[in-house]
Structure formats: C-alpha cells, structure tokens
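Chain and residue survey
This is what each chain is made of:
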Amino acid sequence: MAQATWPLVQRKFGETTRRDAWWLQPLLVFIALTAFIVYATWAAFQGEHFEYGPYLSPFYSPLLFGDSAHAWFGPKPGWWPGALPFSAALLILWAPGGFRVTCYYYRGAYYKAFWADPPGCTVGEPRKRYLGERSFPLVLQNVHRYFLYLGIVFIVILVSDAIRAFRFTDASGASHFGIGLGSLILTANTILLASYTFGCHSLRHLIGGRHDEIAGTPVRSACYSCVSSFNRRHQLFAWLSLFSVAFADLYVRLCSMGVWTDLRFF
C-alpha cells in the first residue's frame, strides 16, 4: 500500500499561517520580565532604603551584613573592596535569581520572548539548527534542582521575616505585636513565593517521580499530591510571586523614604 510523504517545510523567520495574535504573549512576557530585571537590578545596587521598622525587603533577605538589627553578621566586612559599591543584596540575590532563571516554566517563556526559539508554535525561527539543552551553555540549566534546595532555605528565612514583621517597637523600646499593611504585604509575598517554590517540577520529581508507585506510602503520596496541586498552577504562581516580590521591595522602600506611610491596623 502506497504511503504519502510530506516534505518538511522550512519557514522563514516569523512566517506562519496562523491568524491569531500569536506574538502577543511573547511580547507581554518580554515587557514584564524586562521591567522586573531592570527594577530588581536597580534596587539591588541601591544598598539603602531596604528596611522600615520590622520590615525587611525580600531582595535583601537574609541581610548578611549591614548597620541594622536585621543583619546576621554585623556591618560591612573589611574585606569588601573599597572601589566597589557595597550592597548586601548582591551577596544573596544570585540564589533566588538562579532558581527562577533555570525554572522549567521560565525557560519556555523567555526562550520565546527573548530568543524567538521558537517565537511560537508553527512560526518560523531565526535559526536553522536545533541544539536543545544538551549543549553549552543551556546544559547548565540542569543545575535547577540544586537551586531548588537553596530556594527552600530562602522560604524558611522569609517566613521568619514575615513573622518578625508583626513585632513593632514603641517609643519606650518595648516590643509588641502589631499588624501593619507592610506585615500583610510581606506575608502575602512569602505565601506566593512558597507556592511557586513548592510547585517546582524538580521537587515533584524528588518526592514521588522517582518511584513507579507511591500509593503504598501514605505520607509520600500526600506530599506528592500537595506538590502536584501547586505544580498545576506553577505558571500562575510564577507570575504572581514575581510581581509580589517586586512590590514588597517597593513598599518597604517607599515607606523608608517617607513617600508612603505604613497603615497600622493594630
């Protein structure tokens, strides 16, 4: 019986028969990620206005060095080169940044938005050859599973910061429980970051993906189901947590600068 063969069509860059606005999503991703990168880079190099009362910007947490009660190891270390501007954020942002850059969802998003690889389904690409993630430098994306471990540590630290955001100091120096708008913002940001982190594909595989059957282990099965529920909304939490972490920094920054006044509920 004769079989029909269809020749592989090599489309030119941007060429497609699609009639929908396929370019809109990559464009929005490009704008959103570019805006975040620009703001986060600017905020990281500022080195100031990252705390207000009990509030600490998530861009600077953990605060390893600094002249505040949030600092873990005291003021700026003496070994820091005098010619370089000092910012405590530069010491820690590589960890959460690496976790997001190597994230399975973000890879697909910025491959399309920044590299047009591919620009969209059935849309012509600017290159003729496909190398994938088995070649340098994209093979380095496999370190994502190790950034996951660091990401979980950062979530624990942010939970501690969120709890601390409810401890205010009065004029006499006494500490007491209170609720401010910043307390709620930092708590909501921690919840969204945790939802994004605990929905990680690598964590899902670590808990249950390595086994053929997990029904016989109730604890593992429950953990796997929990991570899977977050994983199904991984894209949503990826974007919500991206906006929330930037807004949390902005809120603390503007309160510290006196532009905004923190609303105190209790």
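Residues numbered from 1 in each chain as written. Predicted model: local features only at pLDDT ≥ 70, side-chain atom pairs only at ≥ 80, totals over all residues. Heavy atoms only, no water.

1. Some thoughts on the overall build of the protein chain
We count it as follows: Each helix is a run of H or I in the DSSP string that is no shorter than four residues. Each strand is a run of E no shorter than two, and both are numbered from the N terminus. Only protein chains enter the area calculation, which uses a 1.4 Å probe; residues under 20% of their type maximum are buried, those over 50% are exposed, and those in between are partly exposed. Note on definitions: a residue-residue contact is assigned when non-hydrogen atoms from the two residues lie within 4.5 Å. In this description, accessible areas are obtained by the Shrake-Rupley approach with a 1.4 Å probe, and a residue is regarded as covered only by the protein chains that are shown. Positive charge is attributed to Lys and Arg, negative charge to Asp and Glu, and no charge count is given to His or to the chain ends. Charge coordinates come from a single atom per side chain, which is NZ of Lys, CZ of Arg, CG of Asp or CD of Glu.
Of regular secondary structure, the protein chain possesses eight helices and four strands. Overall, the protein chain is about 90 × 55 × 40 Å in size when its C-alpha atoms are taken along their principal axes. Expressed as a percentage of its 266 residues, the buried residues of the protein chain come to 40%. For the protein chain, restricting intrachain contacts to residue pairs at least 6 apart in sequence, the fraction spanning at least 24 positions comes to 68%. Surface summary for the protein chain: the accessible area is close to 15,900 Å², and the carbon and sulfur share equals 66%. Taken together, the 22 basic and 14 acidic charged side chains of the protein chain have centroids lying 9 Å from each other.

2. Details of the pattern of salt bridges
Rules: By definition, a salt bridge exists where a carboxyl oxygen of Asp or Glu is found within 4 Å of a side-chain nitrogen of Lys or Arg.
With the rule as written, the count across this model stands at two salt bridges. Close ionic contact of Asp20 with Arg18 constitutes a salt bridge, the shortest N to O distance being 2.7 Å. Judged by its relative accessible area of 30%, Arg18 falls in the partly exposed class. As a salt-bridge pair, Asp249 and Arg253 come within 3.3 Å of each other at their nearest N and O atoms. Of this pair, Asp249 and Arg253 both sit in helix α8 (residues 234–257), four residues apart, roughly one helical turn. Overall, Asp249 belongs to the buried group, its relative accessible area being 0%.

3. A few points about the confidence of the model for the protein chain
Which entries qualify depends on this criterion: Confidence scores per residue from the predictor, reported as pLDDT, run from 0 to 100.
In this model, the protein chain carries an average pLDDT of 89, and 93% of its residues clear a pLDDT of 70 or more. Across the protein chain, the secondary-structure element scoring lowest on mean pLDDT is helix α6 (residues 201–209), at 85, and the one scoring highest is helix α5 (residues 181–197), at 98.

4. Section: the side chain of Thr197
Summarising the element assignment, Thr197 is placed in helix α5. The class for Thr197 is buried, based on a relative accessible area of 5%.

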